[in-house]
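Listed here are the chains, written in short residue letters.
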2 protein chains.
Amino acid sequence: MKKFKKLEPVDTGSLVDKVEIKLLAFFKDNNLKPGDAIPKELEFAESLGVSRTVIREALLRLRTLGLVESKKHRGMILKQPDIINNFERILDPTLLGEDTLKQLFELRLILEMGMADFLFEHKTQKDMDELEKIVQAEEATDTGKIRFALDREIAFHGKLYQMSKNVTLQGFQNLLLPVFEYVYMKETKNHDLDSDHFTGGKFITHRMLLENLKVGTPETFRNAIRRHLEPHFDHAFKNSNK
Amino acid sequence: MKKFKKLEPVDTGSLVDKVEIKLLAFFKDNNLKPGDAIPKELEFAESLGVSRTVIREALLRLRTLGLVESKKHRGMILKQPDIINNFERILDPTLLGEDTLKQLFELRLILEMGMADFLFEHKTQKDMDELEKIVQAEEATDTGKIRFALDREIAFHGKLYQMSKNVTLQGFQNLLLPVFEYVYMKETKNHDLDSDHFTGGKFITHRMLLENLKVGTPETFRNAIRRHLEPHFDHAFKNSNK
DNA sequence: TTTTGTATTATGTCATACATATAAAATGAA
DNA sequence: TTCATTTTATATGTATGACATAATACAAAA
């Protein structure tokens, strides 16, 4: 077979792709910041030499990602992209594959293990009081019913996320919540575990975590919550080894 | 003043919004999974009673989010949404506000603190050998130059993420990397710190982390990396208190 | 059998028109 | 002049129709 010189593949990318890149470059080059207004669709169309349709599609992508916001009928401005919000629409457990679900579940474990320092740094008395209430409420109810156990889990751990004072992290927690619920229910169903497995018995309870948060350090808290999450870690590792 | 019956506010959401919701419902109701083909634009347009323009915009959103993929000129299929990839384009530190940058930086600290268990669970000999090489390479070079210090940070910590065997987490790391670089450069510039502040001196070095990974436990490793990240935590907390 | 041509089809792009919400300008009343 | 109201200009939202183009299947030709 005769050898030919290599032939570079032609640029097959769509116009919209190119325009999107040009737009992003435009924002950067002009040092535009969130809140700044951007040119009109027709102006872009003219200066880039494409139809308004293409401009609209490129801008729509950026809008979908939250980088620009359209003030209806008045123009568009640059926006602080809200990373979290967009995920929510598509992060439906029923639309996700098993592997993705598993990874997101792991991610949640990682977040809870990692936020200890921020809890201790930012906690307030008000936070602690509220957490106390949550724990008291759950101690007052009868245990054993898995569905309620899940609700209590969410209340307690959700409060922790909130106490981190990092709204991006909180957004994440909301995002991962359906995934958590989904996997949680599957865990408890598949393996016929009683809820004690998660909230009581030999494991660290919410009460113990709360006390640790009062008198402990980030280090002691990490060790405590690690043991509290033990069954979930077990679950994550078990599946990873099959 | 005469009292009127309440007048429900009219639905002011755009057509595209509604269509997007309808499309998502369609996918769920028909139990469509990644890989399945979906109807054509014109079919949607007809059955939903709107123009092809609206259908296209709604579908474009879902494409931007990675939920559907368009096989050029052949149709569209459902896709496993690649959550991470899309955000790389817009997560440009120069386009983000200070507060978002700060939160993303914190998020990175949280991730590194939280992944210890997964490192120990999934590490392989090959991983450890590669990490050894990375550390040796950085020990062989002259220290002091901040830019190189940053490269070494990225190499070492990037490898850690990779060792977690969680690709979503790795995607996150890639996502957050520009933010990290940006904040890192600002930290070192603003406070005139020498790179020893980050890599040597009284702090935990990469070498020490590696040794810990060999003979330690998740618990000891967490404490070690916590001290390794000390200056970054300081930075995060300092800003949060002003 | 292999190659080449052709029809079909769905998305990509363009052009144009009109609807409509908003803000700014113009107008009118006090 | 000042305030309230109306008008107007404008940019996005939506609709329609057209054609280009790439992927595919299938027929025709070698």
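Before going into details, it helps to say that this report is about the structure given with it. (Residues numbered from 1 in each chain as written. Chains lettered and ligands numbered in written order. Predicted model: local features only at pLDDT ≥ 70, side-chain atom pairs only at ≥ 80, totals over all residues. Heavy atoms only, no water.)

### Some words on the pattern of salt bridges
Then, number 1: The full count for this structure, using the stated rule, is 38 salt bridges over all chains.
Then, number 2: Where Arg61 of chain A meets Glu20 of chain A, a salt bridge forms, and the shortest distance between an N and an O atom there is 2.7 Å. Taken together, the residues span a long stretch of sequence, with Arg61 of chain A in helix α3 (residues 52-64) and Glu20 of chain A in helix α1 (residues 15-29) at a distance of 41 residues.
Then, number 3: Residue class for Arg61 of chain A comes out buried when judged on its relative accessible area of 12%.
Then, number 4: Overall, the relative accessible area of 4% leaves Glu20 of chain A in the buried class.
Then, number 5: Glu130 of chain B is paired through a salt bridge with Lys159 of chain B; the nearest N and O atoms lie 2.8 Å apart. Of this pair, Glu130 of chain B sits in helix α7 (residues 125-140) while Lys159 of chain B is found in helix α8 (residues 146-163), placing the two residues 29 residues apart along the sequence.
Then, number 6: Assessed through its relative accessible area of 28%, Glu130 of chain B is described here as partly exposed. (Salt bridge = Lys/Arg side-chain N within 4 Å of Asp/Glu carboxyl O. Helix = DSSP H or I, 4+ residues; strand = E, 2+ residues; numbered from the N terminus. Buried < 20%, exposed > 50% of the residue type's maximum accessible area, 1.4 Å probe, protein only.)

### Focus: helix α5 (residues 98-114) of chain B
Then, number 1: Here α5 of chain B is 17 residues long and its end C-alpha atoms lie 24 Å apart, about the 24 Å a rise of 1.5 Å per residue gives.
Then, number 2: Within α5 of chain B, 14 of the 17 residues are buried, which leaves it mostly tucked inside the rest of the structure. (Expected span 1.5 Å × (residues − 1).)

### Overview of the interface of chain B and chain A
Then, number 1: Taken together, the 59 residues of chain B in the interface contact 62 residues of chain A.
Then, number 2: Buried surface at the junction of chain B and chain A, both sides included, amounts to about 5800 Å², of which 62% is carbon and sulfur.
Then, number 3: If you sort the residues of chain B by the area they bury against chain A, Leu95, Ile110 and Phe118 of chain B come out on top, with a joint share of 12%.
Then, number 4: The salt bridge involving Glu57 of chain A is made with Arg56 of chain B; its shortest N-O contact spans 3.0 Å.
Then, number 5: Summed over the shared surface of chain B and chain A, the result is 13 residue pairs in polar contact (both at pLDDT 80 or more). (Contact = heavy atoms within 4.5 Å. Buried area = accessible area lost by both parts, 1.4 Å probe. Polar contact = N/O pair within 3.5 Å; in protein donor to acceptor, adjacent residues only side chain to side chain.)

### Some details on the nonpolar core
Then, number 1: The biggest cluster of nonpolar side chains holds 112 residues, and the ones touching the most others in it are Phe27 and Leu160 of chain A together with Leu160 of chain B.
Then, number 2: Excluding residues that lie within four positions of it along the chain, Leu160 of chain A makes contacts with Met115, Leu119, Leu131, Leu213, Phe221 and Ile225 of chain A.
Then, number 3: If you look at the next biggest cluster of nonpolar residues, it comprises 19 residues, including Val16, Leu23, Ala58 and Leu59 of chain B. (Core = buried A, V, L, I, M, F, W, Y, C linked by side-chain atoms within 4.5 Å.)

### Structural notes on the protein's contact with DNA strand D
Then, number 1: Around DNA strand D, the surrounding shell holds 22 residues, and the nearest of these are His73 of chain A together with Leu15, Thr53, Val54 and His73 of chain B.
Then, number 2: Of all DNA strand D atoms lying within 4 Å of any protein atom, the proportion belonging to sugar or phosphate reaches 66%.
Then, number 3: Arg52 of chain A is positioned with one of its side-chain polar atoms (N or O) 3.0 Å from a base nitrogen of DNA strand D.
Then, number 4: For DNA strand D, a phosphate oxygen lies 2.6 Å from a polar atom in the backbone of Leu15 of chain B.
Then, number 5: Of the residues belonging to the surface near DNA strand D, the class tally is 5 nonpolar, 7 polar and 10 charged. (Near = heavy atom within 4 Å. Nonpolar A, V, L, I, M, F, W, Y, C, P; charged D, E, K, R; others polar.)

### Concerning the sheet that holds strand β1 (residues 37-38) of chain A
Residue and element names in this part refer to chain A.
Then, number 1: One open sheet holds the 3 strands; their spatial order is β1-β3-β2, and the pairing between them is antiparallel. A strand with exactly one partner marks an edge of an open sheet, and here the two such strands are β1 and β2 (68-71).
Then, number 2: Bridging between β1 and strand β3 (residues 75-78) involves 2 bridges; their strand directions are antiparallel. Within β3, the position partnered with Ala37 by the bridge is Ile77.
Then, number 3: Most of the contacts of α3 go to β2, to which it runs at about 110°, and overall it touches β1, β2 and β3. (Pairing = 2+ DSSP bridges. Axes fitted to C-alpha atoms, helices over the stretch in contact; angles between N-to-C directions.)

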